[in-house]
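Fold and contact review
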Amino acid sequence: MRVKIINKSDNLLPEYATAYSAGMDLRANLIEPIILKPLERALIPTGLFIELPAGYEAQIRPRSGLAVKHGISVLNSPGTIDADYRGEIRVVLVNLSNNEFVINHGERICQMVVASHATVKWEEADDLEDSDRGAGGFGHTGKN
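How each quantity is defined
- Within each chain, residue numbers correspond to sequence positions counted from 1 in written order.
- Thresholds applied to this predicted model are a pLDDT of at least 70 for local features of residues and 80 or more for the giving and counting of side-chain atom pairs; totals over whole chains, interfaces and linings are not thresholded and use all residues.
- Hydrogens and water molecules were not included; the side-chain quantities draw on all heavy atoms of the structure.
- Under the scheme used here, helices are H or I runs from DSSP no shorter than 4 residues and strands are E runs no shorter than 2 residues, and both carry numbers assigned from the N terminus.
- When we talk radius of gyration, it's over C-alpha atoms, and the globule rule is simply 2.2 Å times the number of residues to the 0.38.
- Think of it in three bands: residues with accessible area under 20% of the maximum for their type are buried, residues over 50% are exposed, and the middle band is partly exposed, with areas taken using a 1.4 Å probe on protein chains only.
- We get accessible surface area from the Shrake-Rupley algorithm with a probe of 1.4 Å; when it comes to residues, only the shown protein chains can shield them.
- Each aromatic pair joins two rings of Phe, Tyr and Trp (for Trp, the six-membered one) with centres within 6.5 Å, and gets the label stacked for planes under 30 degrees apart, edge-to-face for over 60, and tilted for any other angle.
- As a reminder, the over-ring test applies to NZ of lysine and CZ of arginine, requiring each to be within 6 Å of the ring centre and within 35 degrees of the ring normal.
- Two N or O atoms count as a polar contact when they lie within 3.5 Å, although within protein this holds only if one can serve as hydrogen donor and the other as acceptor, and sequence-adjacent residues are included solely when both atoms are side-chain atoms.
- What makes two residues a contact is simply this: any of their non-hydrogen atoms within 4.5 Å.
- For two strands to be treated as a pair, DSSP must find no fewer than two bridges joining them.
- Think of each axis as a best-fit line through the C-alpha atoms, taken over the contacting stretch in the case of a helix, with angles from 0 to 180 degrees between the N-to-C directions.

1. Side note on the overall build of the chain
If you tally the helices and strands in the chain, you get one helix and eleven strands. Starting at the N terminus and walking to the C terminus, you meet the elements of the chain as β-β-β-β-β-β-α-β-β-β-β-β. Here the C-alpha radius of gyration of the chain, 19 Å, is well above what a compact globule of 144 residues would show, namely 15 Å. Once the C-alpha set of the chain is aligned to its principal axes, its extents read approximately 55 × 40 × 30 Å. Burial status across the chain gives 31% buried among its 144 residues. Carbon and sulfur atoms form 49% of the exposed surface of the chain, whose accessible area is close to 10500 Å².

Structure representation (structure tokens):
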């Protein structure tokens, strides 16, 4: 798939780390470092603008290394970039640790996964087909 991208940062374009990676790392585009205090959140610019085709979205997800080592996550995970959005990709990071975390220019802050999606047309009904699960909710199977 080919996707148009504008890069207004001096970072390299996002790329896959391995041949089978689903996500590409996005990097912070900062003039000066941002210090995230415990439980603080910040909107981090990337300098990237994309044009996705209709029927696709870009999902913004946490990087597992930042989460495990530093408690840094994407607050609205996964964040969604719609195909008709043309603004800068910015990422809401949150510090869930007890320590300050410094975000520097060029730091890999999240992953972006491009995925297809369906568009729903609702069909109003008076009833739904039965299923094995039925209306069972959270933890209804009793399995851990």
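Now that the structure has been shown, we can carry on.
2. Here's the deal with the packing of aromatic side chains
Within the structure shown, the criterion is met by zero aromatic pairs. Positioned above the aromatic ring of phenylalanine 49 is the side chain of lysine 8, whose terminal nitrogen or guanidinium carbon lies 4.9 Å from the ring centre.

3. Considerations on the side chain of arginine 63
Position of arginine 63 relative to the elements: it lies in the loop between β6 (56-61) and α1 (64-70). At 3.5 Å, the side chain of arginine 63 and the backbone oxygen of arginine 108 are in polar contact. Not counting residues within four places of it along the chain, the set of residues in contact with arginine 63 comprises Asp25, Arg108, Ile109, Cys110 and Gln111.

4. Quick word on the sheet that holds strand β9 (residues 90-95)
With antiparallel pairing, the three strands of this open sheet are ordered in space as β4-β9-β7. The open sheet has two edge strands, β4 (41-45) and β7 (72-74), and neither has a second partner. The sheet shows a mean angle of 35° between the axes of neighbouring strands, taken without regard to direction. One ladder, built from three bridges, connects β7 with β9; its direction is antiparallel. Within β9, the residue paired with isoleucine 72 across the bridge is asparagine 95.

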